[in-house]
Amino acid sequence: MGSLLKFIRKHWENIYIVVWILCMIILIQAIFDIRITDDKKKTKGEKITSAVIENMKSRLYQHYYTIVREELMLKFQYSNVHEIPKVTKVVVDTSMRNAGFKLKLTPSVILALTLITGQKAAPTLAKKGNAQLGIRKGAVTGVKVTLRNEKMFQFLDFFITLVLPRIKNFEGIKAKSLNEEGNLTIQLKDPFTFPQLEAATHVFNNVGPINVTIVTSTQEKNESKCLLRGLTIPIK
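Within any chain, residue numbers begin from 1 and follow the written order of that chain's sequence. Side-chain atom pairs in this predicted model are given and counted only at pLDDT of 80 or more, local residue features only at pLDDT of at least 70, and totals for whole chains, interfaces and linings cover all residues. Hydrogens and waters are ignored; side-chain quantities use all the structure's heavy atoms.

Undergrad: Residue-level account of helix 7 (residues 221-230), with values.
TA: Relative accessibility under 20% of the residue-type maximum defines a buried residue, over 50% an exposed one, and the middle range a partly exposed one, all with a 1.4 Å probe and only protein chains included. Runs of E in the DSSP output that reach at least two residues are strands. Runs of H or I that reach at least four are helices, and both are numbered from the N terminus. Taking burial as the measure, the 10 residues of helix 7 include 7 buried ones, the bulk of the element. Looking at helix 7, one finds that the buried residues are Glu 223, Ser 224, Lys 225, Cys 226, Leu 227, Leu 228 and Gly 230. It only takes one pair of heavy atoms within 4.5 Å for two residues to be counted as in contact. In this fold, the buried residues of helix 7 make contact with helix 4 (59-76), strand 1 (87-95), strand 4 (184-188) and strand 5 (210-216). The first or second residue beyond helix 7 is Thr 232, which carries a positive phi of 70°.

Given below as structure tokens:
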């Protein structure tokens, strides 16, 4: 008994972190389970109410469909409304390099991206081994979340209005961040730029730089730039 108490006193900080991470994972899983159960129990009237609430789209979604689309149509004179560029998905990812590719640190990185995006994150696995990095085939090399539709617009709105201004000495995003396919990747070297992680810096200190990739439907760089600027993304 005495040796157990000594062990707990010596490693109480690590034990606290592990327990905290496990509790958060259980809580997030419970929330997902509750949502699934609630959907099954809903009456017809409740389902209609949920559909109405679901149709109350985010501010950025409404801005795109009421203003940005019109501006793009006037500027580029598309012959078909389906040609108007749009954001198809947003991918938020990070590498496990900062955590030394240690499997035991994966839950905290998964939790970090889940908290940031509001959607359950998933690990990415190595397709082949890398002897220099000490990675075996099938090992966890990173964590990512793919957002679409309303969740995508909600995240972008939050990212543009609350996260980007928190970057130290931020003066806008360089146009070279756009690739030839019209997709924009922004890397946040400091993960604590996201306010969701600030409350538990000791838990997320192994989280590395976070990449946010905005994928568009157009292959034209200029059209993509106009689309993203229309969505109030500060591209130089």
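Undergrad: I'd like a rundown of the sheet that holds strand 5, residues and numbers included.
TA: By way of backbone hydrogen bonds, the strands of a sheet pair with one another, either parallel or antiparallel. Within the open sheet, the 5 strands sit side by side as 2-3-1-5-4. Their pairing is antiparallel. Since the sheet does not close on itself, it has two edges, and those belong to strand 2 (122-125) and strand 4, each with one partner. When the angles between neighbouring strand axes are averaged without regard to direction, this sheet yields 25°. Relative to strand 3 (residues 140-147), strand 1 runs antiparallel, the two being bridged by 6 bridges. For two strands to be treated as a pair, DSSP must find at least two bridges joining them. All axes here are fitted lines through C-alpha atoms, helices being fitted over the stretch that makes contact, and every angle between N-to-C directions spans 0 to 180 degrees.

Undergrad: Hey, could you go over the pattern of salt bridges for me, with residue numbers and the actual values?
TA: The salt bridge criterion pairs a side-chain nitrogen of Lys or Arg with a carboxyl oxygen of Asp or Glu, the two atoms within 4 Å. Applying the stated criterion across every chain yields a total of 3 salt bridges. For Arg 59, the salt bridge goes to Asp 157, with nearest N and O atoms at 2.4 Å. With Arg 59 in helix 4 and Asp 157 in helix 6 (residues 149-163), the pair connects residues that are 98 residues apart, well separated along the chain. With its nearest N and O atoms 2.9 Å apart, the salt bridge here joins Glu 198 to Arg 166. Here the residue Glu 198 occupies a position in the loop between strand 4 and strand 5, and Arg 166 occupies one in the loop between helix 6 and strand 4, the gap between them amounting to 32 residues. In this structure Glu 198 comes out as partly exposed when scored by relative accessible area, which is 42%.

Undergrad: Tell me about the packing of aromatic side chains, residues and numbers included.
TA: Whether two aromatic rings pair depends on their centres lying within 6.5 Å, for rings of Phe, Tyr and Trp, where Trp uses its six-membered ring; planes under 30 degrees apart make the pair stacked, over 60 edge-to-face, and the rest tilted. Under the counting rule described, the total for this entry stands at 7 aromatic pairs. Summarising the aromatic geometry, the rings of Tyr 61 and Phe 153 are spaced 5.2 Å apart at their centres and angled 85° between planes, so their arrangement reads as edge-to-face. Of this pair, Tyr 61 sits in helix 4 while Phe 153 sits in helix 6, placing them 92 residues apart in sequence. Among the residues examined, Tyr 61 registers a relative accessible area of 22% and is labelled partly exposed. Phe 153 sits in the buried class, given a relative accessible area of 6%. Taking the centre distance of 6.3 Å and the plane angle of 35° together, the rings of Tyr 64 and Phe 153 count as tilted. You can see Tyr 64 sitting in helix 4 and its partner Phe 153 sitting in helix 6, a full 89 residues away along the chain. For the pair formed by Tyr 64 and Phe 153, the shared burial category is buried. Three or more aromatic residues joined by ring pairs make a cluster, and in this case those are Tyr 61, Tyr 64, Tyr 65 and Phe 153. Two conditions define a charge sitting above a ring: the NZ of Lys or the CZ of Arg must be within 6 Å of the ring centre, and it must be within 35 degrees of the ring normal. Positioned above the aromatic ring of Phe 76 is the side chain of Lys 75, whose terminal nitrogen or guanidinium carbon lies 5.8 Å from the ring centre.

Undergrad: Any chance you could break down the environment of Pro 195 for me, citing the residues and the numbers?
TA: Summarising the element assignment, Pro 195 is placed in the loop between strand 4 and strand 5. The class of Pro 195 is partly exposed, set by a relative accessible area of 30%. A C-alpha to C-alpha distance of 7.6 Å links Pro 195 and Val 163, two positions 32 residues apart in sequence.

Undergrad: Tell me what's going on with the pairing of strand 1, and back it up with residues and numbers.
TA: Note that strand 1 and strand 5 share 7 bridges and pair antiparallel. Note on strand 5: the bridge partner recorded for Val 91 is Thr 213.

Undergrad: Please provide a residue-by-residue account of the packing of helix 4 against helix 7, values included.
TA: Helix-helix packing is described using two parameters, namely the angle between the two axes and the distance between the axes. Helix 7 packs onto helix 4 with a crossing angle of 145° between their chain directions and a minimal axis gap of 10 Å. The chirality of how helix 4 crosses helix 7 is right-handed. Between helix 4 and helix 7, the contacting residues are His 63, Tyr 64, Val 68, Leu 72, Lys 75 and Phe 76 on the first element and Asn 222, Glu 223, Cys 226, Leu 227 and Gly 230 on the second. The residue makeup of the contact of helix 4 with helix 7, split by class, is 6 nonpolar, 3 polar and 2 charged. Two helices crossing with the near one rotated counterclockwise from the far one by less than a right angle form a left-handed crossing, whereas a clockwise rotation gives a right-handed crossing. Gly falls in the polar group here, along with every residue not listed as nonpolar (Ala, Val, Leu, Ile, Met, Phe, Trp, Tyr, Cys, Pro) or charged (Asp, Glu, Lys, Arg).

Undergrad: I'd love a proper account of helix 6, names of residues and values included.
TA: Helices are assigned an expected span. That span is 1.5 Å times one less than the residue count. Between its terminal C-alpha atoms helix 6 stretches 20 Å, which fits the 21 Å expected from 15 residues at 1.5 Å a residue. Those residues of helix 6 that fall on the buried side of the exposure criterion are Glu 150, Met 152, Phe 153, Phe 155, Leu 156, Asp 157, Phe 159, Ile 160 and Val 163.

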